[in-house]
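Chain residues, written in single-letter form:
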Amino acid sequence: MSAEYQVVGNIAVITMKNPPVNGLGHATRSAIVESMKLAALDDAVKAIIITGAGKAFSGGADIKEFNSPKAFAEPSLHTVINVVENASKPVIAAIHSVCMGGGLELALGCHYRVATTGAQIALPEVKLGILPGAGGTQRLPRVLGLEMALNMIVSGAPVASEKLAETALFNELIDGDLMLGAMAFAEKMADVRPLPRVRDIKIDYPNHEAFLQFSRNTVRAMAGPFPAPLKCVEAVAAAVTKKFDDGLIVERDLFLELVQTTESKALRHAFFGERAASKVPDVPEDTPTRPIKSVAVIGAGTMGGGIAMNFANAGIPVQILEMKQEALDKGLATIRKNYENTLKKGKLTQEKFEQRVNLITGTLSYEAIAQADLVIEAVFEDMGVKEQVFKKLDEVMKPGAILASNTSTLDVDVIASFTKRPEDVIGTHFFSPANVMKLLEIVRGKKTAKDVLATALALSKKIKKTGVVSGVCDGFIGNRMIEQYSRQAGFLLEEGCTPEQVDKAIEKLGFAMGPFRMGDLAGNDIGWAIRKRRYVDKPHVTYSKTADLLCESGRFGQKTGAGWYDYKAGDRKPYPSQLVNDMIIQHSADIGVERRKISDQEITERLIFALVNEGARILEEGIATRASDIDMVYLTGYGFPLHRGGPMFYADTLGLTNVLMAMEKYAKGRHGDAWKPAALMLSLAAEAKGFN
Ligand code: T1G
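Every chain is numbered on its own, with residues counted from 1 as its sequence reads. Residues qualify for local features only when their pLDDT is at least 70, as the model is predicted, and side-chain atom pairs are given and counted only at 80 or more; totals for whole chains, interfaces and linings, by contrast, use all residues. Heavy atoms throughout the structure, all of them, feed into the side-chain values; hydrogens and water do not.

**A look at the sheet that holds strand β3 (residues 47-52)**
Consideration 1: In short, DSSP must find at least two bridges between two strands for them to pair. Secondary structure elements are taken from DSSP: a helix is a run of H or I of four residues or more, a strand is a run of E of two residues or more, and numbering for both begins at the N terminus. The strand order across the open sheet formed by 6 strands is β1-β2-β3-β4-β6-β9, and the pairing between neighbours is mixed. The outermost strands of the open sheet, each flanked by one partner alone, are β1 (3-8) and β9 (172-173).
Consideration 2: Across 4 bridges, the pairing between strand β4 (residues 91-95) and strand β6 (residues 112-115) is parallel. Its bridge partner being in β6, Ile-92 is matched across the sheet by Tyr-112.
Consideration 3: Strand contacts of helix α1 (residues 26-41): β1, β2 (11-16), β3 and β4, with the helix running at about 175 degrees to β2, the strand carrying the most contacts. By definition in these notes, contact holds between two residues if any of their heavy atoms fall within 4.5 Å. Axis geometry follows a simple rule: fit a line to the C-alpha atoms, using only the stretch in contact for helices, then measure angles between N-to-C directions, giving values from 0 to 180 degrees.

So this is what it looks like as structure tokens:
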């Protein structure tokens, strides 16, 4: 059952029931049409109300059905809306909570719409790389006007129902019980004729061409690699320039064009990937979580400060523990400065500023944090230091407190072994800047308790992070893959590239920042320290010494005013460095490598396929639960271009056989051992399958 039909007095009530958000899947669409037939045949029924059960009126078309025959199987959403709009009895949409996408389009096909306040009203299709495909681009401008409708459709942003109260979208806003209000409204309108239809409203916008042209130029400038925003403008333009039914045809054609694009498939992949990431196969979704009412952070450095801000932003009091008053004062001052900057930009109210600053306090004593529900260690990335901290935490923290480490590569099981409560230990790897980057790698130790993991996942949502669960290995998911990416980047320098050429090639593919600009930003000394530790245990692993030579000359990046690139004081713009390029050329000669011209395609293939191959191994070993988790790590933590869906999705769009063929070619070159294909890739390619 995905819609319930009942008659209350002389009003028929159709209640959509397709949890969690009443997605308008085929079964729901069919049930609505069947219910409309019953209402039409029942002479006692004078009016019909459509509403949604649970937490939404409707979240729109069932995205899970896309690219499956069900999505367009009759009754299509168009058919459902036509049945409603052409009914001989008044149909009233009773809207609450969420009315989005196809759900709003269904409501626009009704003769009347009433709503509670606070309902989220949106046509968010553009965020999925498509556009409203069931009349939304033609009907919304008729009730909101051209400008407001175009803004909503191109941005996909929700608007609270009360903000639209004065528009023709709503006939009434209902205070109190929605259904009682809707029934009263239905009684009132039961005999009113003719039945008003949104499609009959004329859009009055003189000189619309100038506005539409301005909109095209503005949208083209902001759309980046995504085709949907500009098509939204074209669809809405048809609402003004064409008859209603002709406008519907324009909308349909544009929708069908967009729904097939890789960009849309990538956005839909990311939509579901974000939500799938919080699902852990052996941890039931209703696992009880531990209440987190207070947090402590050990270390007031860049990471510790940023981490603390996340919790203050979510309204959770945070204590920062430092060893020295000077370091503590510096850390707290940096946090205040960050909030002041946000305040100055108008992105924070004075009230929120004060609330957040006051939620963060400092202390020099472990005893002062003993009652915190969660403590996150963000000290120097050295196992000896971690050991001291966790032994102390084990001593002072109250029973049941969660002990988390922000380590970016170290073994969480070893860290847990420093305590007598390894089940309470977990990794929470934030990405710098910790108060900005969405990604949170949640590292599950062998002994981490299920409720601790469930708590960390729930908390990641509360602090607006994308929590992705990783098993324990060197580098977890993101940094383990970036090691292979960095190896190839170094080899490319030795074989003929400059840092700028590598960066430009991968940035042309859509990466926010290439490996060398990223190194200069994050600090080349971080990778240097990791390599010193990592390759001691793995002497057989070859890697380029160019990065070490760079660090030996003190060129750590922006923080030292020079790295792979030169920098001018007060200017973060990277300038190619002749000195570094000469050092690279000399190094090639020293190691007897003849430099050659290397294409952008080779650069991007070697960088990305190195990620994909290591990602496949991470999947094989069960470090990551699913390929989309790996994609979410790269989309939210490493600047992988969203329109390409993440490394594993991108490999799927290229075809794993093609990826393997390219890898085979590179395996014949220098350090060919780096290109040994993961068994999972070979088996998937053999079955013509992909990772997702
Ligand atoms: N279809 C299928 N599943 C959906 C869904 C949808 N439209 N919306 C949400 N879900 C699932 C989601 O995957 C998750 O599943 C659960 O619901 C809770 O979601 C013709 C073609 C509605 C504001 O783009 O913005 O209509 O992980 O965690 O925070 O023009 O979901 O539990 O298994 O996000 O309360 C247009 C997308 C579709 C709305 C609720 N509609 N959804 O937020 O819960 S295209 C959208 C959202 C369309 C027509 C076109 C949000 C929400 P699971 P959640 P939430």
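**Points about a positive patch on the surface**
Consideration 1: For patches, a residue must show more than 30% relative accessible area and have no salt bridge; joins then use 9 Å for like charges and 5 Å for nonpolar side chains, namely Val, Leu, Ile, Met, Phe, Trp and Tyr. Methods summary: accessible areas were calculated by the Shrake-Rupley approach with a probe of 1.4 Å, and residue burial reflects only the protein chains presented. What makes a salt bridge here is a side-chain nitrogen of Lys or Arg within 4 Å of a carboxyl oxygen of Asp or Glu, nothing more. Within this scheme the basic residues Lys and Arg register as positive and the acidic residues Asp and Glu register as negative, but His and the chain ends are omitted. Every charge is mapped onto a representative atom, which is NZ of Lys, CZ of Arg, CG of Asp or CD of Glu. Side chains of Lys-55, Lys-64, Arg-275, Lys-279 and Lys-461 sit close together on the surface and give a patch of like positive charge.
Consideration 2: Looking at the secondary structure, you find Lys-461 in helix α16 (residues 450-462).

**Re the domain arrangement of the protein**
Consideration 1: Note that the domain bounds reflect an automated or database-derived domain assignment. Partitioning the protein into structural domains gives domain 1 (3-259), domain 2 (295-470) and domain 3 (478-686).
Consideration 2: Computed from C-alpha coordinates alone, the two centres of domain 2 and domain 3 are separated by 29 Å.
Consideration 3: Domain 2 puts 13 residues into the contact, and the matching count from domain 3 is 13 residues.
Consideration 4: In short, buried area is how much 1.4 Å probe accessible area vanishes from two parts on joining, totalled over both. Across the interface of domain 2 and domain 3, roughly 980 Å² is buried in total on both sides, 60% from carbon and sulfur atoms.
Consideration 5: It is Thr-409, Leu-439 and Val-468 in domain 2 that bury the most area against domain 3; as a group they hold 37% of the surface buried on that side.

**Observations regarding the nonpolar core**
Consideration 1: Working definition of a nonpolar core: buried Ala, Val, Leu, Ile, Met, Phe, Trp, Tyr and Cys residues. They are joined through side-chain atoms within 4.5 Å. Buried residues are those whose accessible area, probed at 1.4 Å on protein chains only, stays under 20% of the maximum for their type, while exposed residues exceed 50% and partly exposed ones sit between those limits. Counting residues in hydrophobic clusters, the biggest one holds 68 residues, and the most contacted among them are Ile-32, Ile-50, Ile-95, Leu-106, Ile-121, Leu-140 and Leu-169.
Consideration 2: Ranked by residue count, the leading element in this core is helix α8 (residues 228-241), at 8 residues.
Consideration 3: Setting aside its immediate chain neighbours within four residues, Ile-50 contacts Ile-14, Met-16, Ile-32, Phe-57, Val-84, Val-91, Ile-92, Ala-93, Ala-94, Leu-106 and Cys-110.
Consideration 4: In this structure, Phe-431, Val-468, Phe-609 and Phe-640 belong to the second largest nonpolar core, which totals 64 residues.

**With respect to the site of the ligand**
Consideration 1: Lining the immediate environment of the ligand, one finds 27 residues, of which Gly-59, Gly-102, Glu-105, Glu-125 and Lys-279 sit closest.
Consideration 2: Two N or O atoms form a polar contact when they lie within 3.5 Å of each other; inside protein one atom must be a possible hydrogen donor and the other a possible acceptor, and for residues adjacent in sequence the pair counts only when both atoms belong to side chains. In the model, an oxygen atom of the ligand is placed 2.7 Å from a nitrogen or oxygen of the Lys-279 side chain.
Consideration 3: Isolated, the ligand exposes 1,000 Å² of accessible area, and the fraction of that covered by the protein chains is 78%.
Consideration 4: When contributions to the shell around the ligand are tallied by element, the ones reaching two or more residues are β5 (98-100), α3 (102-109) and α10 (262-276).
Consideration 5: Here the shell around the ligand gets 3 residues from one element, more than from any other, and that element is α10.
Consideration 6: Under the scheme applied, nonpolar residues are Ala, Val, Leu, Ile, Met, Phe, Trp, Tyr, Cys and Pro; charged residues are Asp, Glu, Lys and Arg; polar residues are all the others, including Gly. Tallied by class, the residues present in the shell around the ligand amount to 15 nonpolar, 5 polar and 7 charged. Nearness is judged by heavy atoms alone; a residue qualifies as near a molecule or strand once a single heavy atom is within 4 Å of it.

**Let's talk about the sheet that holds strand β8 (residues 159-160)**
Consideration 1: Spatial strand order, β5-β7-β8: 3 strands in an open sheet with mixed pairing. A strand with exactly one partner marks an edge of an open sheet, and here the two such strands are β5 and β8.
Consideration 2: Packed on one face of the sheet, α3 meets β5 and β7 (120-122) and runs near 85 degrees to β5.

**Comments concerning empty space enclosed by the protein**
Consideration 1: Points on a 1 Å grid over protein atoms alone make up a cavity when a 1.4 Å probe fits among them but cannot get out, and a pocket when they form an open set with protein on both sides within 12 Å along at least five of seven lines; lining residues each have an atom within 4 Å of a point. Grid points are joined across faces, edges and corners, and a volume is the space filled by probe spheres set on the points. Within the structure shown, the criterion is met by 2 cavities of 30 Å³ or more.
Consideration 2: Surrounding the largest cavity, 15 residues form its lining, Leu-374, Thr-428, Thr-455, Ala-456 and Leu-459 being those nearest its centre.
Consideration 3: Every element with two or more residues in the lining of the largest cavity is listed here: β13 (374-377), β15 (425-430), β16 (439-443) and α16.
Consideration 4: Here the lining of the largest cavity gets 4 residues from one element, more than from any other, and that element is α16.
Consideration 5: Across the lining of the largest cavity, the residue classes break down as 13 nonpolar, 2 polar and no charged.
Consideration 6: Looking at the second largest cavity, its volume works out to about 40 Å³.
Consideration 7: Lining the second largest cavity we find His-78, Ile-81, Asn-82, Ala-134, Arg-139 and Leu-248.
Consideration 8: With 3 residues, helix α2 (residues 77-85) is the largest single contributor of residues to the lining of the second largest cavity.
Consideration 9: Residue classes in the lining of the second largest cavity are distributed as 3 nonpolar, 2 polar and 1 charged.

**What about the side chain of Asp-394?**
Consideration 1: Its place among the elements puts Asp-394 in helix α14 (residues 383-396).
Consideration 2: We classify Asp-394 as buried; its relative accessible area is 10%.
Consideration 3: Among all residues touching Asp-394, those that are not within four sequence positions of it are Phe-418, Thr-419, Lys-420 and Arg-421.

**Describing helix α25 (residues 647-654)**
Consideration 1: Turning to α25, its buried residues number three or more, namely Pro-647, Met-648, Phe-649, Tyr-650 and Ala-651.
Consideration 2: Residues of α25 that are buried sit in contact with α10, α17 (478-495), α23 (600-620), α24 (627-637) and α26 (656-667).
Consideration 3: Positive phi appears at Gly-655, one or two residues downstream of α25, with a value of about 95 degrees.

**A look at the packing of α8 against helix α9 (residues 244-259)**
How two helices sit against one another is set out by the angle between their axes and by the gap between those axes.
Consideration 1: At a minimum axis separation of 8 Å, α8 and α9 run at an interaxial angle of 165 degrees. Considering the angle they form, α8 stands roughly antiparallel to α9. Once α8 is placed against α9, the crossing between them reads as right-handed. Every residue of α9 that contacts α8 at Ala-228, Lys-231, Glu-234, Ala-235 and Ala-238 is listed here: Gly-247, Val-250, Glu-251, Leu-254, Glu-257 and Leu-258.
Consideration 2: Each residue belonging to the contact of α8 with α9 can be placed in one class, and the counts come to 6 nonpolar, 1 polar and 4 charged. Working definition: roughly parallel below 35 degrees, roughly antiparallel above 145 degrees, roughly perpendicular at 65 to 115 degrees, and oblique for all remaining angles. The sense of a crossing depends on the near helix, which, turned anticlockwise from the far helix by less than a right angle, makes the crossing left-handed and, turned clockwise, makes it right-handed.

**Section: the pattern of salt bridges**
Consideration 1: Counted under the stated rule, the structure contains 47 salt bridges.
Consideration 2: Notably, a salt bridge pairs Asp-600 with Lys-508, separated by 2.8 Å at the nearest N-O pair. Of this pair, Asp-600 sits in helix α23 while Lys-508 sits in helix α18 (residues 499-508); the two residues are 92 residues apart in sequence, bridging distant segments of the chain.
Consideration 3: By relative accessible area, which is 31% here, Asp-600 ends up partly exposed.

**A short note on the packing of aromatic side chains**
Consideration 1: Two aromatic rings from Phe, Tyr or Trp, using only the six-membered ring of Trp, form a pair when their centres are within 6.5 Å; if the ring planes differ by under 30 degrees the pair is stacked, by over 60 it is edge-to-face, and anything between is tilted. In total, this model carries 13 aromatic pairs according to the counting rule given.
Consideration 2: Here the aromatic rings of Phe-271 and Phe-272 are separated by 5.1 Å at their centres, their planes lie at 85 degrees, and the arrangement is edge-to-face.
Consideration 3: Since its relative accessible area comes to 27%, Phe-271 is described here as partly exposed.
Consideration 4: Ring geometry for Tyr-535 against Tyr-543: centres 4.3 Å apart, planes inclined by 20 degrees, an arrangement best described as stacked. In this structure, Tyr-535 and Tyr-543 share a single accessibility class: buried.
Consideration 5: Joined through ring pairs, the aromatic side chains of Tyr-485, Phe-511, Phe-640 and Tyr-650 make up one cluster.
Consideration 6: A ring is considered to have a charge above it if a Lys NZ or an Arg CZ atom is located within 6 Å of its centre and within 35 degrees of its normal. Directly above the aromatic system of Trp-528 lies the positively charged group of Lys-532, at a separation of 3.7 Å from the ring centroid.
Consideration 7: For the cation-ring pair, Arg-606 lies above Tyr-666, with the distance from its terminal atom to the ring centre recorded as 6.0 Å.

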